[in-house]
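Structure at a glance
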Amino acid sequence: LHTPMYFFLLNLSLLDLGSISTTLPKAMANSLWDTRAISYAGCAAQVFFLFFLISAEFSLLTVMAYDRYVAICKPLHYGTLLGSRACVHM
């Protein structure tokens, strides 16, 4: 469980959890109380956090693709190119 792919999968699952937790609570509250109201600050915060988390997720998926590329195309150099220190830096 200490391979880089599991580290990336953990971070991806946390980003997914964060992105769904950005919009879902307000949507559930609005459907429960049958309203459509949201403040300007609440809307701006949702858009900011959703944009930040989605862009972080795309960046992480790019790093994961590079990890798989190195594992498949350069298996002998995998340990030197993607050690634990390199994964944390990415």
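Everything numeric in this text was worked out from a predicted model, so none of it was measured.

1. Details of the pattern of salt bridges
- According to the stated counting rule, one finds one salt bridge in the structure shown.
- Among the ionic pairs, Asp-67 bridges to Arg-68, the shortest N-O distance being 3.1 Å.
- Residue classification places Asp-67 among the buried residues on the basis of a relative accessible area of 0%.

2. So, the packing of aromatic side chains
- If you walk through the whole model with that rule in mind, you get three aromatic pairs.
- Both rings, one in Phe-7 and one in Phe-8, keep their centres 5.8 Å apart while their planes meet at 55 degrees; by these two values the pair is tilted.
- By relative accessible area, which is 1% here, Phe-8 ends up buried.
- Arranged with centres 6.4 Å apart and planes meeting at 35 degrees, the rings of Tyr-66 and Tyr-69 form a pair that is tilted.

3. Quick notes on the environment of Pro-4
- Position of Pro-4 relative to the elements: it lies in helix α1 (residues 4–32).
- When its relative accessible area of 11% is taken as the criterion, Pro-4 is described as buried.
- Sequence-wise, Pro-4 and Asp-67 are 63 residues apart; in three dimensions their C-alpha atoms are separated by 7.8 Å.

4. Some words on the environment of Ser-55
- The topology assignment puts Ser-55 in helix α2 (residues 40–73).
- Ser-55 gets classed as partly exposed once you look at its relative accessible area, which sits at 30%.

5. Topic: the nonpolar core
- Of all hydrophobic cores here, the largest spans nine residues; its members are Met-5, Phe-8, Leu-12, Leu-15, Leu-53, Leu-60, Val-63, Met-64 and Cys-87.
- Elements supplying a minimum of two residues to this core: α1 and α2.

6. Considerations on the UniProt feature "transmembrane region" (unreviewed entry) in the chain
- According to UniProt, the positions carrying the feature "transmembrane region" (unreviewed entry) are residues 6–25 and 37–56.
- Along residues 6–25 one finds 100% helix and 0% strand; the C-alpha atoms at either end are 29 Å apart.
- Regarding residues 37–56, the helix share stands at 85% and the strand share at 0%, and the terminal C-alpha atoms are separated by 28 Å.

7. Focus: a nonpolar patch on the surface
- Nonpolar side chains collect at one region of the surface, where Leu-10, Leu-14, Leu-17, Ile-20, Leu-24 and Met-28 lie side by side and expose about 580 Å² of accessible area between them.
- Note on placement: Leu-24 falls in helix α1.

8. A look at unusual backbone geometry
- The phi dihedral of Asp-34 is positive, around 55 degrees, even though this residue is not glycine.
- Relative to the assigned elements, Asp-34 resides in the loop between α1 and α2.

Parameters and conventions
Residues numbered from 1 in each chain as written. Predicted model: local features only at pLDDT ≥ 70, side-chain atom pairs only at ≥ 80, totals over all residues. Heavy atoms only, no water. Salt bridge = Lys/Arg side-chain N within 4 Å of Asp/Glu carboxyl O. Buried < 20%, exposed > 50% of the residue type's maximum accessible area, 1.4 Å probe, protein only. Phe/Tyr/Trp six-rings, centres within 6.5 Å; stacked < 30°, edge-to-face > 60°. Helix = DSSP H or I, 4+ residues; strand = E, 2+ residues; numbered from the N terminus. Core = buried A, V, L, I, M, F, W, Y, C linked by side-chain atoms within 4.5 Å. UniProt positions renumbered as here; feature names shortened; annotations may be inferred. Patch = residues over 30% accessible without salt bridge, like charges linked within 9 Å, V, L, I, M, F, W, Y side chains within 5 Å. Areas by Shrake-Rupley, 256 points an atom, 1.4 Å probe, with all protein chains shown as cover.

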